[in-house]
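# Chains, contacts and geometry: an overview
Chain by chain, the residues:
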Amino acid sequence: IGARKEYQRLISELPNSREVMAWQKKMQELNMKLLFSSVVTPESIEYEIKAGDSLDRIAREHGTTVELIKKSNNLAGDNIFPGKKIRVWIAPFSIVVDKSQNTLLLKTGDTIFKSYTVSTGANNSTPVGTFKIVEKIPNPPWYKPGAVIPAGSPENVLGTRWLGLTKEGYGIHGTTDPKSLGSQVTAGCVRMANQDVEELYSIVPVGVEVTIVD
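This one's a predicted model, so the numbers in the text were calculated from it and none came from an experiment.

Parameters and conventions
Residues numbered from 1 in each chain as written. Predicted model: local features only at pLDDT ≥ 70, side-chain atom pairs only at ≥ 80, totals over all residues. Heavy atoms only, no water. Buried < 20%, exposed > 50% of the residue type's maximum accessible area, 1.4 Å probe, protein only. Helix = DSSP H or I, 4+ residues; strand = E, 2+ residues; numbered from the N terminus. Pairing = 2+ DSSP bridges. Arc of directions from axis to C-beta. Contact = heavy atoms within 4.5 Å. Phe/Tyr/Trp six-rings, centres within 6.5 Å; stacked < 30°, edge-to-face > 60°. Lys NZ or Arg CZ within 6 Å of the ring centre and 35° of its normal. pLDDT = per-residue confidence, 0-100. Salt bridge = Lys/Arg side-chain N within 4 Å of Asp/Glu carboxyl O.

## Describing the pairing of strand 2 (residues 85-89)
Burial within strand 2 is extensive, with four of its five residues counted as buried. The pairing of strand 1 (residues 44-48) with strand 2 spans five bridges and is antiparallel. Looking across to strand 2, one finds that isoleucine 45 is bridged to valine 88.

## Thoughts on helix 3 (residues 55-62)
Note that an α-helix has 3.6 residues per turn; residues three or four places apart therefore point the same way. Inspection of helix 3 places Leu55, Ile58, Ala59 and His62 among the buried residues, and these make up the whole buried set. Looking down the long axis of helix 3, one finds its buried residues gathered within 100° of arc, a one-sided arrangement. In this fold, the buried residues of helix 3 make contact with strand 1, helix 4 (66-72) and strand 2. Trailing helix 3 by a residue or two, glycine 63 shows a phi angle of about 65°, which is positive.

## Focus on the packing of aromatic side chains
Applying the stated criterion across every chain yields a total of three aromatic pairs. Taken together, a centroid distance of 5.4 Å and an interplanar angle of 80° make the contact between phenylalanine 93 and phenylalanine 113 edge-to-face. A residue pair is termed long-range when its members are at least 10 positions apart, and phenylalanine 93 in strand 3 (residues 93-98) and phenylalanine 113 in strand 5 (residues 111-117) qualify at 20 residues. An identical accessibility class is assigned to phenylalanine 93 and phenylalanine 113; each is buried. Linked through ring pairs, Trp89, Phe93 and Phe113 together constitute an aromatic cluster. The ring of tyrosine 201 has lysine 136 lying over it, and the distance from NZ or CZ to the ring centre is 4.5 Å.

## Structural notes on the confidence of the model for the protein chain
Per-residue confidence for the protein chain averages 91 on the pLDDT scale, and 90% of its residues sit at or above 70. For the protein chain, per-element mean pLDDT is lowest for helix 1 (residues 2-13), which scores 62, and highest for strand 14 (residues 209-213), which scores 98.

## Quick notes on the pattern of salt bridges
This model, assessed by the stated rule, comprises six salt bridges. We note a salt bridge from lysine 25 to glutamate 29, for which the minimum N-O separation is 3.9 Å. Taken together, the residues lysine 25 and glutamate 29, both in helix 2 (residues 20-35) and four residues apart, mark about one turn of the helix. Judged by its relative accessible area of 56%, lysine 25 is exposed.

## Let's talk about the pairing of strand 10 (residues 161-165)
Within strand 10, five of the five residues are buried, which leaves it mostly tucked inside the rest of the structure. Both faces of strand 10 are covered, namely the face carrying Arg161, Leu163 and Leu165 and the face carrying Trp162 and Gly164. With five bridges joining them, strand 7 (residues 129-138) and strand 10 adopt antiparallel strand pairing. If you follow isoleucine 133 over to strand 10, its bridge partner there is leucine 165. Here strand 10 hands over to strand 11 (residues 171-173) after five residues, with glycine 169 in that stretch at a positive phi of 90°.

Here you go:
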């Protein structure tokens, strides 16, 4: 936590330094390490499990995901026991997609927690505006005109995860073509590397705000 604060100080005090990009990268790496660890940070709490609790209920009450609780507490299954203390993330996340840079920023408040390289829509077809994640589907089938392409098929362009937005038909998903990341090539959705979308999927719950800008 101390190292993260030091990088934050350097970035805010020396924004024009040639080292800024390296500091930001290091800080993002530390953010993710802390996020997936059991260390209680200012963005998390120590929670004592009560009788009748389930991981799903704890996640919903605190605006987080079951996957994140399990990952950060090294839980292999869903069984939990009253009296046990676990670390629960409570800081809300938001997402900003910048079409001009083909980046997706995961944010807590005004802080960029992690940045990802993505692909956006060809001919500027990714819609601009503020939306919300309304559904999360692991290993999604791809419904294309006249056919259903099953999960895992090399022809399934959605990759390993789907995060559907309030704008129907649009979402954030994985890819079968990682070489295309960083360019405007999709039919309008936001495309990520499978390992990146899997990471994002484990962090953000349904209801998270997604702002897409030109």
